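Next come the chains, spelled out residue by residue.
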Amino acid sequence: MHILFATGNKHKVSEASEILSHLGYGVEQLLIRGKAPELIEPQAEGIEEVAISKIKQARELVMGTELEGSIILAEDSGLFIDSLGGFPGPYSSYVENTIGLPGILQLMTPETGRRAEFRAIAAVYIDGNIFFGNGICEGEISEEISGEMGFGFDPIFIPDDGDGRTCGEMSSMEKSSISHRGRALKAVSELLNPPSK
Ligand code: ITT
């Protein structure tokens with residue numbers, strides 16, 4: 001079964017491809033005329049609404065094209081820091097692009113603790129239906145930026161289910177086995193028909 005991933009983030013595509021290929025699915029980035037479409041993320045919405053919005057936008061783009069019957073995956077994710085009331089949450093992209101990882105570290109204080117979690121919602125459109133999978137990865141914001149693998153906030157996030165390294169210090173296989181994205185994609189894949197390889 002072949003899935004088109006509506007995302008502008010190539011790291012997400014390679015993670016999803018690795019995770020879902022083990023489950024028998026092929027994943028490629030959705031490209032319209034050779035380019036990843038720019039999907040608008042409604043800010044101030046929950047990540048589920050954002051994932052649905054991405055699916056709807058992608059569906060509109062493929063309507064009337066040879067991709068119209070394709071299975072489409074969209075996903076929204078974010079970093080939720082306990083002591084900041086879940087911030088940056090839906091604003092994660094904006095925060096990464098503005099204050100960045102050093103800015104997040106500066107917001108951490110010894111009094112409030114460093115607990116945080118990544119959340120992801122994967123939405124798969126197939127034949128008029130949308131299936132959802134949720135994934136959470138709990139952990140802590142590290143003291144320092146560490147590691148060059150992964151992307152986004154990986155170098156400042158130490159997952160509880162790991163061994164003390166940040167996600168930025170893990171191989172993609174290690175990260176996906178415990179990550180929010182790995183969990184969300186596995187959950188949604190279980191709702192789809194078993195793929196015929
Ligand atoms: P889309 O085109 O799929 O929207 P995006 O990179 O904008 O790609 P999101 O809005 O879902 O993706 O991500 C929100 C932010 O959270 C963004 O800054 C990401 O870098 C970050 N993020 C999401 N998943 C992550 C992960 O697995 N590791 C580190 N940072 C992550």
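Structure report, in brief.

How each quantity is defined
- Residues numbered from 1 in each chain as written.
- Predicted model: local features only at pLDDT ≥ 70, side-chain atom pairs only at ≥ 80, totals over all residues.
- Heavy atoms only, no water.
- Salt bridge = Lys/Arg side-chain N within 4 Å of Asp/Glu carboxyl O.
- Helix = DSSP H or I, 4+ residues; strand = E, 2+ residues; numbered from the N terminus.
- Buried < 20%, exposed > 50% of the residue type's maximum accessible area, 1.4 Å probe, protein only.
- Contact = heavy atoms within 4.5 Å.
- Patch = residues over 30% accessible without salt bridge, like charges linked within 9 Å, V, L, I, M, F, W, Y side chains within 5 Å.
- Areas by Shrake-Rupley, 256 points an atom, 1.4 Å probe, with all protein chains shown as cover.
- Near = heavy atom within 4 Å.
- Polar contact = N/O pair within 3.5 Å; in protein donor to acceptor, adjacent residues only side chain to side chain.
- Nonpolar A, V, L, I, M, F, W, Y, C, P; charged D, E, K, R; others polar.
- Pairing = 2+ DSSP bridges.
- Axes fitted to C-alpha atoms, helices over the stretch in contact; angles between N-to-C directions.
- Core = buried A, V, L, I, M, F, W, Y, C linked by side-chain atoms within 4.5 Å.

Before going further, it helps to examine the pattern of salt bridges. In the structure shown here, the tally under the stated rule is 14 salt bridges. Across the pair Glu143 and Arg114 runs a salt bridge, and its minimum N-O distance is 3.8 Å. On the criterion of sequence distance, the pair formed by Glu143 in the loop between strand E5 (129-141) and strand E6 (157-159) and Arg114 in the loop between helix H4 (100-107) and strand E4 (115-126) is long-range, its members being 29 residues apart. According to the relative accessible area criterion, Glu143 is exposed, its value standing at 63%. Look at the salt bridges and you will find they share partners, linking Lys12, Glu15, Glu75, Asp154, Lys175 and Arg181 into a network.

Relative to the elements of secondary structure, Ile141 occurs in strand E5. The spacing of Ile141 and Glu169 is 28 residues in sequence and 14 Å in space, taken between C-alpha atoms. In contact with Ile141, other than residues within four places in its own chain, are Leu79, Ile81, Ile104, Leu105, Met108, Arg114, Ala116 and Ile156.

So, on to a nonpolar patch on the surface. A surface patch of nonpolar side chains, amounting to about 440 Å² of accessible area, comprises Phe87, Tyr91, Tyr94, Ile99 and Leu107. Inspection of the secondary structure assignment puts Tyr91 in the loop between strand E3 (71-81) and helix H3 (92-98). Residue classification places Tyr91 among the partly exposed residues on the basis of a relative accessible area of 32%.

So, on to the site of the ligand. Around the ligand there are 20 residues in total, and Thr7, Glu41, Lys54, Glu96 and Asp154 lie nearest to it. Within the contact set of the ligand, an oxygen atom lies 2.7 Å away from a side-chain nitrogen or oxygen of Lys12. The contact in question runs from an oxygen atom of the ligand to an N or O atom on the backbone of Ser77, over 2.9 Å. Considered on its own, the ligand offers 610 Å² of accessible surface; in the complex 90% of this is hidden by protein. Of all the secondary structure elements, the ones that give two or more residues to the shell around the ligand are E3, H3 and helix H6 (180-191). Here the shell around the ligand is built from residues that sort into three nonpolar, eight polar and nine charged.

Turning our attention to the environment of Glu75. Tracing the backbone shows Glu75 in strand E3. In this structure Glu75 comes out as buried when scored by relative accessible area, which is 2%. In this structure, the C-alpha to C-alpha distance between Glu75 and Thr7, residues 68 residues apart in sequence, is 7.6 Å. Those residues within four positions of Glu75 in sequence are excluded, and the remaining contacts are Phe5, Lys12, Lys54, Ala120, Ile121, Ala122 and Arg181. Separated by 2.7 Å, the side chains of Glu75 and Lys12 make a polar contact. Of the polar contacts made by the side chain of Glu75, one reaches the side chain of Ser77; its length is 3.1 Å.

The next thing to look at is the sheet that holds E5. In spatial order, the strands read E2-E1-E3-E4-E5-E6; together these six strands make up an open sheet with mixed pairing. What marks the edges here is a single partner per strand, and that holds for strand E2 (26-29) and E6. The average undirected angle you get between the axes of adjacent strands in this sheet is 35°. Lying on the sheet, helix H2 (residues 47-62) is in contact with E3, E4 and E5; it crosses E3 at an angle near 150°.

Further remarks concern the nonpolar core. If you look at the biggest cluster of nonpolar residues, it comprises 18 residues, and the most contacted ones within it are Ile3, Leu20, Leu73 and Leu185. Sorting the residues of this core by element identifies strand E1 (2-5), helix H1 (10-21), E3, E4 and H6 as the ones contributing at least two each. Non-local contacts of Leu185, meaning those with residues more than four positions away in its chain, are made with Ala16, Ile19, Leu20, Leu73 and Ala122. Of all hydrophobic cores here, the second largest spans 16 residues; its members include Ala6, Leu30, Val62 and Ala123.

So, on to H4. Each α-helix turn comprises 3.6 residues. Residues three or four places apart therefore point the same way. Taken together, the buried positions of H4 are Gly100, Leu101, Gly103, Ile104 and Leu105. Those residues of H4 that are buried lie in contact with E3, H3 and E5.

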